[in-house]
Amino acid sequence: MSGEAERDVPKQSQAYPNREGLAAEKIAMEERPAPCMHDLPLRQYLDTYVVPSLLPGMNAVAEARPENPVEWLAYYLLKNNTKKKTE
């Protein structure tokens, strides 16, 4: 199987006939580390880090309907923090 994979790897660039093209193609095909949270688009950042904690809290506020919903939500989020630091 690995012999087949080695045969499929071109020795020359498929897009560019020169060395620079081959180097660019090689860089483009390299695996890159996953982006850190600061590199994510806003929507993806919110969906990954904020919504999983905030949505249950918002549902709880809607059910409880407290007089001060912002304070209640803040307390709920602190109490139900899924990313607690263990010291």
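Residues numbered from 1 in each chain as written. Predicted model: local features only at pLDDT ≥ 70, side-chain atom pairs only at ≥ 80, totals over all residues. Heavy atoms only, no water.

### Here's the deal with the pattern of salt bridges
Here is step 1 of the chain: Per the stated rule, a full pass over the model turns up one salt bridge.
Here is step 2 of the chain: In this structure, Arg 43 engages Asp 47 in a salt bridge whose closest nitrogen and oxygen atoms are separated by 3.3 Å. Of this pair, Arg 43 and Asp 47 both sit in helix H3 (residues 42-64), four residues apart, which is roughly one turn of the helix.
Here is step 3 of the chain: By relative accessible area, which is 62% here, Arg 43 ends up exposed.
Here is step 4 of the chain: With a relative accessible area of 42%, Asp 47 lands in the partly exposed category. (Salt bridge = Lys/Arg side-chain N within 4 Å of Asp/Glu carboxyl O. Helix = DSSP H or I, 4+ residues; strand = E, 2+ residues; numbered from the N terminus. Buried < 20%, exposed > 50% of the residue type's maximum accessible area, 1.4 Å probe, protein only.)

### A closer look at the confidence of the model for the protein chain
Here is step 1 of the chain: Here the protein chain averages 78 in pLDDT, and 68% of its residues register 70 or above.
Here is step 2 of the chain: By mean pLDDT, helix H1 (residues 2-8) is the weakest element of the protein chain at 50, and helix H4 (residues 69-79) is the strongest at 94. (pLDDT = per-residue confidence, 0-100.)

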